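# Topology and contacts: notes
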Amino acid sequence: MVGCAALLAVTSSTHAQKQGRTFSIGYCYPAGARQGTTSEHIIAGQFLNSVTNVFVTGGGVQAVVTDFYKPITTGEFNRLRGRMEELLEKREYLSKGTVSIRFKGSKDGKKDKSKTDNVPDKFTPPNKTPEALAKKYANAKWTPEDDKEMAEIRKKMATLVRRPANPAISELVTVQITVAPDAQPGQREIRLATASGLSNPVVFCVGQLPEFSEEASRNIAEQKSQISKVAFGPKNRKAKAELKITLPATVNGQILPGEVDHCRFTATKGQKLVIAVQARQLIPYISDAVPGWFQATLSLYDAKGKELAYDDDFQFNPDPALYYEIPADGEYVIEIKDSIFRGREDFVYRITVGEIPFVTNIFPLGGPAGEKTTVQLKGWNLPASSLTLDDSGKLPGIYPFSVRKDNHVSNFVPFAVDTLPECLAEKSKHGKSNAQRVTLPIIINGRVAKPDDFNVFCFDGKAGDQIVAEVMARRLNSPLDSVLKLTDATGNQIAFNDDNTDKGAGLTTHHADSYLTATLPKNGTYLLRLSDTQHKGGPEYAYRLRLSAPQPDFALRVVPSSINVRAGATVPATVYAVRKDGFTGDIILSLKDAPKGFKLGGAKVQAKEDKVKLTLTAPSEPTKDPVNLKLEGRATIASREVVHAAVPAQDMMQAFEYRHLVPSQELDVAVTGRASNKSASVKILGDMPVKIPAGGTVSLKIAAASKDKIFGKKIHLELAEAPEGIIIKKVSPSDDGMEILLESDAAKVTPGQKGNLLVGAFPPKPAKAPKSPKSAPRKGGPTTMLPAIPFEVVQKQEP
């Protein structure tokens, strides 16, 4: 008998779970700060009224909450208006001895002026008669507290938003962030916290240069006035006051509806300026905007308004960057705007300006693990033309690196590390490429050196050999849009591929890297041709081409990267498996070096499946700060154990439709609430997985140390996100706990189907609640969940 134990906290708050699901943030402005400074920042989101803490990944950054702003609802507005009318009446009566009576439908809202206000008529309400008012205000006095209350009401009433343009970012929290002088520069993640848990993360940058931005207080006021406004199109654009800066600098800004931002600086002849924008890097995807991010354009003007340089993207990256050598002393102006003049509060940007290093491309794009690789550097203001990278002790993967000049850190560049043999592609001659003979397995580092160029590689193969050809270029910041064509020696096409989607590349929207697999039909020589599908080329069009037999493998993503759970309770999470080169086996999941009390349920990605819904059970005691958990997966491939860490990720929507698994830096878990002596140990009894007959039923028993506390009238069990065709048919008490009768529909399930059942514990249904399917989770979600229950659909045994 197998027992799956957990703690089921029956006193968990449904409200807290609701808030945990909807509590979210959309942006941080300014989206970064300089080393050794303290600054004020705005974080916008939804359901932020109980925010208490701010957490930033990495060391050397501290933050505290200083203010909160939320637009009031129509109901709150009406209540405040009623109170304001009471105060106005009081002030008027005490100063004049009478009050104005207002009527619906009259031109000015008042009674006819020919009638005296202190003479009652048939229109005067009983509570407005002179006698009623005299009695009401007999001992009343107007006080400074009344003035203060009126001012507060006016302030609150000004925040009315009848229909917010962007409800997900309609609430604002002001935080004060202090960055230590020795904090490492680069991207971090910032999260807000309430008593119920953590928000999703957004990007926060630690910079080295002086920071310039509009005053936070002014910016908050502007954002409050913009919350209910939306403007699109050139007719709405308007100019803001120029921001004056000194070089070098980082400029922070937002493009609100119709805006065009400018910043002015003085430069001297010969200065070699790099101007680089971070916009999509800060907010990768926006769910309700097309194309799904802020598409910035960047221009440089002289003092007379002549455009000197322009960029609307850098190579294939949406964020623009440009280099310009100053021709003469004087003033210059940077302009940034949205490409089609849209604007929203979350169109946030950072511009770095100065004689700073910037790497535009490298070659090769990767190197062998355990060795040193000399990398050629191309770019602006670089300290050297090459750099030696030491990949000793590194596992296969992609590792970002940067260079320094005058203690300024450049942009980060990805570098791939692998265990296969490597070589360089031979240069084409006179516009033609002779076939380069290679021996498999091999990784070839090459370039499509000029437009309409191509590379051809030949190798020997045998009938029945399986061949994989994979290009790594776009995923390594190369602009190459590759295409692969495999032929035999006579030119007969065996396989062809242009683009291949890599679900693990969550920041890529155009999956331009090619991938093909083929079974060779006969012994002989084969040719593989690589080119750019857009007929482009140049030194920056580099690639890594893997040519080998299949190398079965996998990668993992765990979603979400912020998990909120009450002490002793259980919550769901999703692990996605990115399968490679035909790998179809099981992947066993586990926590690595987790604090005591954390447990996974249903921790297995079934063979051939690309995801699993599992559960995480928290310790019985809450934690003061979020816990950084690490999850890994194990699989047996070619008789050896392969282990990979699961990368935390956010499941983000782009432009109303597309979804991406965007990597996060940490998997943070907030264990909240209080440990309760009313919690009880729950066990799922029986052999696992549960065998569910196709078209039949099976009983599942649950035991608890305290039956009355768990299975009395305290909770109600339902399937959450049930697989199609499987329902809870009946739930009944048993001698040692509870018995669940599961039923499957033979028309909707398949023998051999495997997965997890997630069972939610809900408060009892109201006595007169309408009946609903037992498998349909309620609106608002469960108070907690049982550990995931593995199942397998089996063939029904006929009597």
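On to the overall build of the chain, then. If you tally the helices and strands in the chain, you get six helices and 60 strands. Each of the 799 residues in the chain was classed as buried or not, and the buried ones make up 49%. Taking contacts inside the chain between residues at least 6 apart in sequence as the whole, the part at least 24 apart equals 71%. For the chain, the accessible area works out to roughly 38400 Å², and carbon and sulfur atoms hold 51% of it.

Here we come to the packing of helix α2 (residues 74-96) against helix α4 (residues 144-157). Their axes nearest at 10 Å, the elements α2 and α4 cross at an angle of 150°. The chirality of how α2 crosses α4 is left-handed. Within the contact between the two elements, α2 uses F77, L80, R81, R83, M84, L87, L88, K90 and R91 and α4 uses D146, E149, M150, I153, R154, K156 and M157. Here the contact of α2 with α4 is built from residues that sort into eight nonpolar, no polar and eight charged.

This part is about the pattern of salt bridges. Opposite charge on two side chains allows them to pair when their charged atoms are near. This model, assessed by the stated rule, comprises 28 salt bridges. A salt bridge links K729 to E743, with the nearest nitrogen and oxygen atoms 3.9 Å apart. Of this pair, K729 sits in strand β56 (residues 726-734) while E743 sits in strand β57 (residues 737-744), placing them 14 residues apart in sequence. Looking at E743, the relative accessible area reads 26%, which means it is partly exposed.

Moving on to the confidence of the model for the chain. In this model, the chain carries a mean pLDDT of 87, and residues with pLDDT of at least 70 account for 85%. pLDDT under 50 marks residues 104-120. Its contacts with residues more than four places away, or in other chains, come to 24 contacts. Here residues 228-237 scores under 50 on pLDDT; set against residues more than four positions off or in separate chains, the count is 20 contacts.

The next thing to look at is the sheet that holds strand β29 (residues 413-418). Pairing is mixed across the open sheet formed by three strands, whose spatial order is β23-β29-β26. Edge positions in the sheet fall to β23 (366-368) and β26 (397-401), since each of these pairs with one other strand and no more. Adjacent strand axes in the sheet meet at a mean angle of 30°, parallel and antiparallel pairs treated alike.

Moving on: the state of the cysteines. Per the stated rule, a full pass over the model turns up zero disulfides. Cysteine C28 shares no disulfide, and the gap to the nearest cysteine sulfur, in C205, comes to 9.3 Å. By relative accessible area, C28 is classed as buried at 3%.

One pass over the structure, following the stated rule, counts 11 aromatic pairs. Relative to W380, the ring of F314 has its centre 5.9 Å away and its plane inclined at 70°; by these criteria the two rings are edge-to-face. Here F314 is found in the loop between β18 (307-311) and β19 (321-325), whereas its partner W380 is found in strand β24 (residues 372-380), with 66 residues between them in sequence. The exposure classification of F314 matches that of W380, with both residues buried. By way of ring pairs, the aromatic residues F314, Y323, F358 and W380 are connected into one cluster. Note that R529 overlies the ring of F454, its terminal NZ or CZ placed 4.1 Å from the centroid.

Another aspect to go through is unusual backbone geometry. Cis rather than trans, the peptide bond between L247 and P248 has omega equal to -10°. Structurally, P248 is set in the loop between β13 (243-244) and β14 (249-254). Of note, the bond from F363 into P364 is cis; its omega dihedral lies within 30 degrees of zero at -5°. Take P364: it is sitting in the loop between β22 (358-363) and β23.

A word on the pairing of strand β25 (residues 386-390). As judged from the five bridges shared by β24 and β25, these two strands associate in the antiparallel manner. When the sheet's bridge partners are listed, T374 is paired in β25 with T388. In sequence, β24 turns back onto β25 through a hairpin of five residues, with N381 there showing a positive phi of about 55°.

This part takes up the nonpolar core. Note that soluble globular proteins tend to have their nonpolar side chains buried in a common cluster. Residues I334 and I351 are the most contacted members of the largest nonpolar core, which totals 42 residues. Considering each element in turn, this core owes the most residues, four residues, to strand β21 (residues 348-354). One finds F554, L556, L616 and V671 within the second-largest nonpolar core, a separate group that totals 32 residues.

Once that is clear, we can look at the sheet that holds strand β32 (residues 442-447). With mixed pairing, five strands are arranged side by side in an open sheet as β30-β32-β39-β34-β37. Two strands in the sheet have a free side with no partner beyond their single neighbour: β30 (422-424) and β37 (515-519). Ignoring strand direction, the axes of neighbouring strands in this sheet form an average angle of 20°. Direction of pairing for β32 relative to strand β39 (residues 542-548): antiparallel, over a ladder of six bridges. Bridge pairing in β39 links I442 to L547.

To continue, consider the environment of E609. Following the sequence through the fold, E609 ends up in the loop between β45 (604-605) and β46 (611-617). The spatial distance from the C-alpha of E609 to the C-alpha of V578 is 9.7 Å, given a sequence separation of 31 residues. Sequence-distant contacts of E609, that is, excluding residues within four places in its chain, are made with A577 and R579.

Below, the discussion takes up the environment of S386. Structurally, S386 is set in strand β25. Overall, the relative accessible area of 36% leaves S386 in the partly exposed class. Separated by 24 residues in sequence, S386 and I362 place their C-alpha atoms 8.8 Å apart. When near neighbours in sequence (up to four residues on either side) are disregarded, S386 contacts T374, V375, Q376 and L377.

Glancing now at α2. Compared with an ideal rise of 1.5 Å per residue, which puts 23 residues at 33 Å, α2 spans 32 Å between its outermost C-alpha atoms and is within 8% of the ideal. Residues of α2 that are buried make contact with α3 (130-136) and α4. Within two residues after α2, G97 carries a phi angle of roughly 80°, on the positive side.

Turning to its location among the elements, R191 is positioned in strand β8 (residues 186-194). Taking the relative accessible area as the measure of exposure, R191 reaches 1% and is therefore buried. Within the structure, the side chain of R191 is placed 2.7 Å from the side chain of S562, a separation counted as a polar contact. At a separation of 3.1 Å, a polar atom in the side chain of R191 contacts the side chain of D668.

Quick look at the environment of V671 now. If you trace the backbone, V671 turns up in strand β51 (residues 667-672). Each C-alpha atom of the pair V671 and V627 lies 8.0 Å from the other, and the pair is 44 residues apart in sequence. In this structure V671 touches V565, R566, A567, F598, A618, P619, E621, P622 and T623, once residues within four positions along its chain are discounted.

Reading guide: rules and limits
Residues numbered from 1 in each chain as written. Predicted model: local features only at pLDDT ≥ 70, side-chain atom pairs only at ≥ 80, totals over all residues. Heavy atoms only, no water. Helix = DSSP H or I, 4+ residues; strand = E, 2+ residues; numbered from the N terminus. Buried < 20%, exposed > 50% of the residue type's maximum accessible area, 1.4 Å probe, protein only. Contact = heavy atoms within 4.5 Å. Areas by Shrake-Rupley, 256 points an atom, 1.4 Å probe, with all protein chains shown as cover. Axes fitted to C-alpha atoms, helices over the stretch in contact; angles between N-to-C directions. Left-handed = near helix turned anticlockwise from the far one by under 90°. Nonpolar A, V, L, I, M, F, W, Y, C, P; charged D, E, K, R; others polar. Salt bridge = Lys/Arg side-chain N within 4 Å of Asp/Glu carboxyl O. pLDDT = per-residue confidence, 0-100. Pairing = 2+ DSSP bridges. Disulfide = S-S within 2.5 Å. Phe/Tyr/Trp six-rings, centres within 6.5 Å; stacked < 30°, edge-to-face > 60°. Lys NZ or Arg CZ within 6 Å of the ring centre and 35° of its normal. Core = buried A, V, L, I, M, F, W, Y, C linked by side-chain atoms within 4.5 Å. Expected span 1.5 Å × (residues − 1). Polar contact = N/O pair within 3.5 Å; in protein donor to acceptor, adjacent residues only side chain to side chain.

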